[in-house]
Amino acid sequence: MSALTALTLKGALEGLASKQFSSEEITRAHIAAIEAANPQLNAYVLTTPEKALEGARAADARIAAGEARPLEGAPIGIKDLFCTEGVRSTACSKILGNFIPPYESTVTANLWREGAVMLGKLNLDEFAMGSSNESSAFGPVVNPWKSRGSNQPLTPGGSSGGSAAAVAADLCLAATATDTGGSIRQPAAFTGTVGIKPTYGRCSRYGIVAFASSLDQAGPIAKTVEDAAILLRAMAGHDQKDSTSLNIEVPDFASFVGKSVKGLRIGVPKEYRLDSMPAEIAALWDQGIAWLKAAGCEIREVSLPHTKYALPAYYIIAPAEASSNLARYDGMRFGLRQEGGTLTETYENSRAAGFGAEVQRRILIGTYVLSAGYYDAYYLKALKVRRRIADDFEAAFTEVDALLTPTAPSAAFGLGERVADPIAMYLNDVFTVTTNLAGLPGLSLPAGLDSTGLPLGLQLIGRPLDEGTLFSLAGAMEDAAGFRSKPEKWW
Ligand code: GLN
C-alpha cells in the first residue's frame, strides 16, 4: 500500500481516473500511514477516517458512473485553522476547546465540491502565530527530516508545520495551509515541499480563523509544483462572504507548469543578501540564479530599499490586527470558559487560561501599539512603512517579471532551540513577510539539501495576480534541481 501514499496528487488523480486503484484503497493506505506515523510526528491533531472512507466510497461511485470531478477521490489534509462543519476546529488553541463549527470554510467547501476527501485536521502554531509549530496546544510537530547522523528532533517550521510534515511524510497527497507572514513557504522550505501563498484576495478567508486579516491568505502545500497548481486552482475563487476576495477569473494554474520561461527577467534583490546568511543558503541562491539563466531568463540585480523595516512593521501590524481579531474569545461564545466572581473576572480567567504565551505576547503588543498615544508612533508608522515596501516592489516590477530569493535564512532547526528567544524566532520570517505586507504571490520550492542532508527552499515572488509566471518559473527550477529526495523513514 505504501506505493499509493508515495504518489503525487497528479499521479493519484490519473490512477483514480484510469481505475488502477479506488479512492477507498488510496484513502485506506493514507489512514494506515497516519496511524503508524502520527504518534511520532504529531502532524494530525484530529483524524476523520470514517468521514474519509464515506467520501472515498462516494467518489468511487462517481468515478464508476463517469461523473468524476477534478479532485475526485483524492485524500488530503486540512490545516486546523479552517473551520470544517461538524468537525472539531481549534486553531490549536485551548481557548477554542472542542469547538465544532456549524459551517464550512469556503476554501474547504470548494475542495469538497470538486471531490476531495478529508483525512483530518493538521497541527499548527496556536492561531498560526509562530515559525516552528511549538506554540500549538497539541504540542510540536516533528519534522520527518533529520540531519545526517543525528537523532535530534527538528521543527517542520510554522505555522503550517502539520501540513508540511504530513505532505513530506506521505500522510496525505497534499494539504491546505495559510500564510500571514510566511507560514506556507517557510514550512515548505523546511520539509522539501512546495508551497504557494497566492495574491491577497485569491482565496476566500471566510471560515478561516482570523489572525491578521489584511495579511492572511490560504494556499496549498504539495509534493510538486504541478500539484500545488492543481490544488490552488480548486481552493481559489470569488466569495461573496469575504469582501476582500477578488471577483476575477481563476486561471488553470497547472497549464503554466512546463511553459518556457525564456526571456523572462528575474530580479535578485540586493538587500536580501544578509551578512548573517549562511554560506550554503547564499550558494543555493546562486545555484537558483544559474538554473534560471540556463533556462533563458535574464537576471538583474534590483533594489528593495525598505526591506530592513519589513520585519519590524510586520511585528506591529500582525499583532495589532490579532489583538483586535482575538477580542472575540471571551469565554462566552466559544470553547473554554473559566468562571470568575464577576463578568470581567470570567473574561480575564478564560483568556489567561485559554491563550498560550506567544498568543498572549501578541495580544499585549497589539493592544499597546493601538492604544492612544502609541497608535501614531507605532501602528500608523508601520502602515506607512508597509506602503513603502509595496512601492519598492512595484518599482522593481517595472524592470523585472519576478524575483528570486531564499525562502528562509536557515534550514530546519532543533525543537526547543529558539523558544526562549522570540526575536530569534521572528528573524526566520525575514524573507517572507514582505510579500504579505505587499499582498504579492510568493512560492517556495525545494532546491537542494544542505551539507547535513536537510532540505533548503528558494522563493519566487511575482506581480499581483501573476501566480502563472511563478508556476512556470518554479516548474523550470524544479526540473533543473531534480529534487526527488524524501526523508528517510524513521517513524
Ligand atoms: N511566523 C510568522 C508569525 O509568527 C508568520 C505566521 C503566519 O504566516 N501565520 O507571525
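So, here's what we can say about the structure. (Residues numbered from 1 in each chain as written. Predicted model: local features only at pLDDT ≥ 70, side-chain atom pairs only at ≥ 80, totals over all residues. Heavy atoms only, no water.)

### Description of the packing of aromatic side chains
Going through the model one piece at a time under the given rule, you end up with 17 aromatic pairs. Note on phenylalanine 190 and phenylalanine 413: the rings are 5.9 Å apart at their centroids and 90° apart in plane angle, and the pair reads as edge-to-face. In this pair, phenylalanine 190 is assigned in helix H7 (residues 185-191) and phenylalanine 413 in the loop between strand S9 (402-406) and helix H14 (422-426), connecting sequence segments 223 residues apart. As far as burial versus exposure is concerned, phenylalanine 190 and phenylalanine 413 are alike and both buried. Between tyrosine 329 and phenylalanine 355, the aromatic rings sit 6.3 Å apart at their centres with planes inclined by 90°, giving edge-to-face as the arrangement. Placement of the pair is tyrosine 329 in the loop between helix H10 (310-325) and helix H11 (343-354) and phenylalanine 355 in the loop between H11 and helix H12 (357-370), with a sequence separation of 26 residues. Grouped by ring-pair contacts, the aromatic residues Phe99, Phe127, Tyr329, Phe334 and Phe355 constitute a single cluster. The ring of tryptophan 285 has arginine 273 lying over it, and the distance from NZ or CZ to the ring centre is 4.3 Å. Residue placement shows arginine 418 over the ring face of phenylalanine 413; its charged tip is 4.0 Å from the ring centre. (Phe/Tyr/Trp six-rings, centres within 6.5 Å; stacked < 30°, edge-to-face > 60°. Helix = DSSP H or I, 4+ residues; strand = E, 2+ residues; numbered from the N terminus. Buried < 20%, exposed > 50% of the residue type's maximum accessible area, 1.4 Å probe, protein only. Lys NZ or Arg CZ within 6 Å of the ring centre and 35° of its normal.)

### Here's the deal with the side chain of glutamate 134
Tracing the backbone through its elements, the reader meets glutamate 134 in the loop between strand S3 (117-122) and helix H6 (161-168). The side chain of glutamate 134 sits in the buried core without any salt bridge; arginine 418 is the nearest counter-charge, 8.1 Å away. There is a polar contact of 2.6 Å between the side chain of glutamate 134 and the side chain of serine 132. Among the polar contacts listed, one links the side chain of glutamate 134 to the backbone nitrogen of glycine 416, at a separation of 2.5 Å. Setting aside its immediate chain neighbours within four residues, glutamate 134 contacts Asp125, Pro140, Leu415, Gly416, Val419 and Met425. (Lys, Arg positive; Asp, Glu negative; His and termini not counted. Salt bridge = Lys/Arg side-chain N within 4 Å of Asp/Glu carboxyl O. Polar contact = N/O pair within 3.5 Å; in protein donor to acceptor, adjacent residues only side chain to side chain. Contact = heavy atoms within 4.5 Å.)

### Here we look at a nonpolar patch on the surface
A cluster of nonpolar side chains, namely Leu246, Ile248 and Leu465, defines an oily patch on the protein surface of about 200 Å² accessible area. Examined against the element boundaries, isoleucine 248 turns out to sit in the loop between helix H8 (225-235) and strand S7 (265-269). On the accessibility criterion, isoleucine 248 (36% relative accessible area) is partly exposed. (Patch = residues over 30% accessible without salt bridge, like charges linked within 9 Å, V, L, I, M, F, W, Y side chains within 5 Å. Areas by Shrake-Rupley, 256 points an atom, 1.4 Å probe, with all protein chains shown as cover.)

### Side note on the packing of helix H9 (residues 279-294) against helix H16 (residues 467-481)
Their axes nearest at 10 Å, the elements H9 and H16 cross at an angle of 105°. Accordingly, the angle class assigned to the pair H9 and H16 is roughly perpendicular. Here Gly288, Trp291 and Leu292 of H9 come into contact with H16, specifically with Leu473, Met477, Ala480 and Ala481. (Axes fitted to C-alpha atoms, helices over the stretch in contact; angles between N-to-C directions. Parallel < 35°, antiparallel > 145°, perpendicular 65-115°, else oblique.)

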